[in-house]
Amino acid sequence: MKRVSLFVFVAAVAVGCGGAKKPAARGPSAAADDRIATDSGAPSSLTADDILALYVEATGGRAAYEKLSSRVAKATMVLPSLGVKGDVEMYQQAPNKSYMKLVLGQAGTVEQGTDGTVVWERSAMTGVRVLSGQERELGLIGAVFNAELKYKELYKSVQLMGIEAVDGAPAYKLVFTTPSGQTETRYYDKDTKLLVKSSATVQHQMGKISSTTRYSDYRAVDGVRMPFKMEVSAMNQKRVLTLTDVKHNVAIPASRFALPPDVQKLLDK
Amino acid sequence: MKYRVSSALCLCLATVACGGSTASKAPAKTTPPAPKYSELTKRNLASFDKVWTTIRDRHWDPKLGGLDWNAVRAELRPRVGRAKSVAEARVVLREMLARLKQSHFGILPLSTLDAIRGNAPKNHHGGVGDVGITVRYLHGAAMVTRVRAGSAAQTAKVTPGWIILAIDGKPVAPMIQKITAAYKGSTMLPLMVSRAVAARLYGPVGSKVKLRFDAATAKPRELELARDKPNVPYASFGHLPKMPIRFETRRLGKDVAYVALSVFLDPPRVVKGFAKAITDMRDTKGLILDLRGNPGGLAGIAIGIGGYLQDKPNQALGTMITRVGKLRFVLNPQPTIYKGKVAVLIDGLSASSSEILAAGLRDLERARLFGRFTAGASLPSEIERLPNGDGFQYAFANYLSAAGERLEGRGVAPDVEIVPSRKQLMAGKDPVLDAAVAWIRAKQ
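As the structure is a computational prediction, the values presented were derived from the model and not from experiment. (Residues numbered from 1 in each chain as written. Chains lettered and ligands numbered in written order. Predicted model: local features only at pLDDT ≥ 70, side-chain atom pairs only at ≥ 80, totals over all residues. Heavy atoms only, no water.)

## Section: the overall build of chain B
The following threshold applies: Numbered from the N terminus, helices here are DSSP runs of H or I no shorter than four residues, and strands are runs of E no shorter than two. Burial status follows relative accessibility: with a 1.4 Å probe on protein chains alone, a residue under 20% of its type maximum counts as buried, one over 50% as exposed, and anything between as partly exposed. Accessible surface area values rest on a Shrake-Rupley calculation with a 1.4 Å probe, where residue burial reflects the displayed protein chains alone.
Each helix and strand in chain B was counted, giving 13 helices and 24 strands. The burial tally for chain B puts 57% of its 444 residues in the buried class. Total accessible area computed for chain B in this model is approximately 17700 Å², and 53% of it derives from carbon and sulfur atoms.

## Considerations on the overall build of chain A
Counted only if it meets this: In what follows, residue pairs with any heavy atoms lying within 4.5 Å of each other are defined as contacts.
Within chain A, the regular secondary structure consists of five helices and 14 strands. Scored against the burial criterion, the 269 residues of chain A give a buried share of 58%. Of the contacts formed within chain A by residues at least 6 apart in sequence, a portion of 53% connects residues at least 24 apart.

## Observations regarding the packing of helix α10 (residues 299-306) of chain B against helix α11 (residues 353-363) of chain B
Residues and elements named next belong to chain B. What counts, and what does not: Helix axes are fitted to C-alpha atoms over the stretch in contact, other axes to C-alpha atoms as well, and angles between N-to-C directions run from 0 to 180 degrees. Convention used here: angles under 35 degrees read as roughly parallel, angles over 145 as roughly antiparallel, angles from 65 to 115 as roughly perpendicular, and any remaining angle as oblique. When the near helix sits turned anticlockwise from the far one by under a right angle, the crossing is termed left-handed; a clockwise turn instead gives a right-handed crossing. All amino acids are sorted into three groups, where Ala, Val, Leu, Ile, Met, Phe, Trp, Tyr, Cys and Pro are nonpolar, Asp, Glu, Lys and Arg are charged, and the leftover types, Gly among them, are polar.
At a closest axis distance of 8 Å, the pairing of α10 and α11 adopts a crossing angle of 30°. Here α10 is positioned roughly parallel relative to α11, judged by the angle of their axes. Read as a crossing pair, α10 and α11 show a hand that is right-handed. For the pair α10 and α11, the contacting residues are Ala299, Ala302, Ile305 and Gly306 in the first and Ser353, Leu357 and Leu361 in the second. Here the contact of α10 with α11 is composed, by residue class, of five nonpolar, two polar and no charged.

## Focus on the sheet that holds strand β14 (residues 247-252) of chain B
Residues and elements named next belong to chain B. The condition is simple: Any two strands are treated as partners once DSSP identifies two or more bridges connecting them.
With mixed pairing, six strands are arranged side by side in an open sheet as β14-β15-β16-β19-β20-β24. Single-partner strands in this sheet number two, and they are β14 and β24 (416-417). Pairing geometry for strand β20 (residues 368-371) and β24, over two bridges, is parallel. Residue pairing in the sheet places Phe370 in a bridge with Val416 of β24. Packing of helix α9 (residues 267-280) onto the sheet brings it into contact with β14, β15 (256-261) and β16 (286-290), and relative to β14 it is tilted by some 10°. Of the strands in this sheet, β14, β15, β16, β19 (341-346) and β20 touch helix α13 (residues 431-441), which is tilted by about 170° from β19.

## Points about the pattern of salt bridges
Side chains bearing opposite charge may pair, as long as their charged atoms lie close to each other. Residue and element names in this part refer to chain B. This is how it is decided: Only one rule defines a salt bridge in this text: a Lys or Arg side-chain nitrogen within 4 Å of an Asp or Glu carboxyl oxygen.
Inspection of every chain in the model, using the stated rule, returns 39 salt bridges over all chains. Residue Asp130 pairs with Arg148 through a salt bridge whose shortest N-O separation is 2.8 Å. Of this pair, Asp130 sits in the loop between β4 (128-129) and β5 (133-138) while Arg148 sits in the loop between β6 (141-147) and α6 (152-155), placing them 18 residues apart in sequence. Residue class for Asp130 comes out buried when judged on its relative accessible area of 17%. When the shortest N-O distance is used, the salt bridge between Arg292 and Asp430 registers 2.8 Å. Here Asp430 lies in the loop between α12 (422-426) and α13 and Arg292 lies in the loop between β16 and α10, a separation of 138 residues in the sequence. According to the relative accessible area criterion, Arg292 is partly exposed, its value standing at 21%. Classification of Asp430 as partly exposed rests on a relative accessible area of 23%. Where salt bridges share partners, they join Glu75, Arg79, Glu95 and Arg99 into one cluster.

## Observations concerning unusual backbone geometry
The linkage connecting Ala94(A) with the following residue, Pro95(A), adopts the cis geometry, with an omega of 5°. Looking at where Pro95(A) falls in the secondary structure, it is placed in the loop between β3 (84-93) and β4 (97-103). In this model, Asp217(A) sits at a positive phi of 55°, which is unusual for a non-glycine residue. Under the relative-accessibility criterion, Asp217(A) is labelled partly exposed at 35%. In this model, Asn314(B) sits at a positive phi of 60°, which is unusual for a non-glycine residue.

## What to know about helix α1 (residues 48-58) of chain A
Residues and elements named next belong to chain A. This is how it is decided: Of all possible arcs, the one meant is that of the directions from the helix axis to the C-beta atoms. For the purposes of these results, a polar contact is taken to be a pair of N or O atoms within 3.5 Å, where, inside protein, one atom must be able to donate a hydrogen and its partner to accept one; residues adjacent in sequence count only when each atom of the pair is a side-chain atom.
Residues of α1 that are buried: Ala48, Ile51, Leu52, Tyr55 and Val56. One side of α1 carries all its buried residues, which in axial view fall inside an arc of 140°. At its buried positions, α1 is contacted by α2 (62-66), α4 (151-154), β8 (157-166), β9 (169-177), β10 (183-189) and β11 (195-204). The N-cap residue of α1 is Thr47: its side-chain oxygen and the backbone nitrogen of Asp49 are 3.3 Å apart. Downstream of α1 by one or two residues, Gly60 has phi in the positive range, about 135°.

## What to know about the sheet that holds strand β17 (residues 316-322) of chain B
Residues and elements named next belong to chain B. Strands sit in the order β18-β17-β23 across an open sheet of three strands; the sheet is antiparallel. Of all the strands in the sheet, just β18 (325-330) and β23 (398-401) have a single pairing partner and so form its edges. When the angles between neighbouring strand axes are averaged without regard to direction, this sheet yields 20°. Summarising the sheet, β17 and β23 pair through four bridges and their orientation is antiparallel. Across the sheet, the residue bridging to Thr319 is Leu400, located in β23.

## Examining the pairing of β9(A)
All names here are of chain A. Counting buried residues along β9, seven of its nine residues qualify, which places the element largely inside the surrounding structure. The pairing of β8 with β9 spans nine bridges and is antiparallel. Among the inter-strand pairings, Val158 is bridged to a residue of β9, identified as Phe176. In textbook terms, the turn of a hairpin is the stretch between consecutive antiparallel strands, and for β8 and β9 this stretch comprises two residues, one of which, Asp167, has a positive phi near 55°. Alignment of β9 against β10, held across seven bridges, turns out to be antiparallel.

## Focus: the confidence of the model for chain A
Rule in force here: By definition, pLDDT measures how confident the predictor is in each residue, and it falls between 0 and 100.
Looking at chain A, pLDDT values average 85 and 84% of them are 70 or higher. The low-confidence segment residues 1-43 of chain A, where pLDDT is below 50, has 191 contacts with residues more than four positions distant or belonging to other chains.

## Concerning the environment of Asp167(A)
Residue and element names in this part refer to chain A. Counting through the fold element by element, Asp167 comes out in the loop between β8 and β9. Residues Asp167 and Lys197 lie 30 residues apart in sequence; the distance between their C-alpha atoms is 9.8 Å. A polar contact is formed between the side chain of Asp167 and the side chain of Arg214, at a distance of 2.9 Å.

## Some thoughts on the packing of aromatic side chains
Two descriptors summarise a pair of aromatic rings, namely the distance from one centre to the other and the angle between the planes of the rings. Heads up, the rule is: Here is the rule: rings of Phe, Tyr and Trp (six-membered ring for Trp) pair when centre to centre is within 6.5 Å. Planes less than 30 degrees apart are stacked, more than 60 are edge-to-face, and the remainder are tilted.
Counted by the stated rule, this structure contains 11 aromatic pairs over all chains. Ring centres 6.3 Å apart and planes at 65° place the aromatic pair Phe274(B) and Tyr308(B) in the edge-to-face group. Note that Phe274(B) is positioned in helix α9 and Tyr308(B) in the loop between α10 and β17, a separation of 34 residues in sequence. For the pair Phe274(B) and Tyr308(B), one class covers both residues: buried. A connected cluster of aromatic rings, assembled from ring pairs, spans Tyr91(A), Tyr99(A) and Trp120(A).

## Side note on the side chain of Gln92(A)
All names here are of chain A. The topology assignment puts Gln92 in strand β3. The buried category is assigned to Gln92, whose relative accessible area is 1%. Within polar-contact distance, the side chain of Gln92 engages the backbone oxygen of Ala143 at 3.0 Å. At 3.3 Å, the side chain of Gln92 forms a polar contact with the backbone oxygen of Val144.

## Re the nonpolar core
The condition that has to hold: Definition of nonpolar core: a set of buried residues of the types Ala, Val, Leu, Ile, Met, Phe, Trp, Tyr and Cys, connected through side-chain atoms within 4.5 Å.
Core analysis: the largest hydrophobic core is formed by 104 residues, its most contacted members being Leu174(A), Phe274(B), Leu317(B) and Val344(B). Among the elements that line this core, the one with the most residues is α9(B), at six residues. Apart from the residues within four sequence positions on either side, Leu174(A) is in contact with Ala48(A), Ile51(A), Leu52(A), Val158(A), Gln159(A), Leu160(A), Glu184(A), Thr185(A), Arg186(A) and Tyr188(A). Core analysis: the next-biggest nonpolar cluster, separate from the first, contains 39 residues, Ile133(B), Ala142(B), Leu189(B) and Leu201(B) among them.

Right, dumping it as structure tokens:
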């Protein structure tokens, strides 16, 4: 299923799932206060691949995913501590193009996009920039359509670290590692198999940023269930993203993913 | 589908280092009733605990520079328990904060809080007006430094260099004395005095205020001025109050570009306007960026402006340090870069993003700074009322410039320090601006 993930500050954390090229690790996971004994969790027969397959199944199944080739979504974003609300538009086209626009009141507009090669960002405040290195890597992974089905191509490894409680409910803990070595930890509810939480620390232009995202309010759209609410905590602040409209297989003009002239100017410099 | 929110957003979120950054949490206007001794002790101890805990939990350095904070508590809390007045407790609380050896942490008597707040509006929109004068704490007085065109003050022929002696019959001097005592030695003194005076000049549009001026004449001038609303755009962001934005671009002669910005808000207009200005005036020898009186705002705008002034990659204005991490304020070189000299004008009311931009550009060897020391309020600090009625001012983040200089509580030193004299102001001179123009026009 499609997962909509919110990454604040960073071209963080990949969407989709990871390629379980390594055997699932069953050793102790990272320290967590609410950790459940690892052995009490995953049945020995389950691997990371199994859990991710169950996740795809729980969110609609491979066939449902494969019927989709593009997505246009609208959302609101609220930053409660600042009293700010923004409107978000997201466009994604298979295999790997994306564009996002956030209109944040008097702070102006923030845009991000990729044509599958160049990852860029433009804001009314900080100007335009082309992402590189690990930021670019995450931007490219994040743009992959139906990444849930392609995790083996996108990640160097996915490891099952055991079971931990998320809000009191046991969840499988998987660590995804990108080709450059960036990691994201995701938690899949043991019963529903839905993604309920993710966390990552990523190297951003501004420094290392840690964030945690909670996923809830799963709803089916065109046969694929996705979280309509995401709460991201980073830098001691919370942002709440709520989907308001999702459409699939929409004809998106190619110009939507074309590089803006100022991005092209930067590349030409 | 993936949705990322950019660094730009994060910057504006993480560092809504706003407007002068001293957000006062509505202290009471009246002194709490005199409590019995036991009640007094209880309030003083609760105040001590509040201060001690806040520092422990929110100071940007969890190790507090190696200070044994528990030992400090063990030593000083009993003394607060023995204090026979709020004033005695205040002495101990101040001693505790002094152990940090950092400014921007203070205990303010309630009367000082009232002196600072005055009639300061919670919001500038709607009916809030002023008489059209800009006031600075200069040479120990509340001096007019600018008169807005078309305002009641201009109509009444108020001129820069006049000194405000009284507002609505209340002398200004005692208020200045109180604030001066509280902020003695602090870089924030000019900011706090100027704001306190300005706060008393606000009022509903159409209302009147009586002012007594020292106009350098034999007798003080008494004027009654009507408040009006500045005819400029207003902007806000989230919980920040709406504020008027003076964003001015023009040429000084043919060879100098001038850009003035009164607050870092409204990025679509300001950053775009800045880009247009430096494009239109790219043939000039130099650019003057006037940040005098600019209290800050969205730090992302400082980064945006900086991105048009230097073209090296991975250059940062500086680093913000909080309990949860560090953020480098990295500039993004833009497709169009201004290549001429850059002079930044600063004064005691330049705070927050103004300081971040000025210090950063100087450290990156991209600008020369003219004017006076800035406020040393680079990031938000708060004034919170304590259980015993006093105010507790603290900063919860630190900021290091590109050269590693701490700005919080220290301010940014100008390269060329110029304090306008009263005589210069009365003659209509702007010696800070003049010095910057001369530097740009100089061959070296």
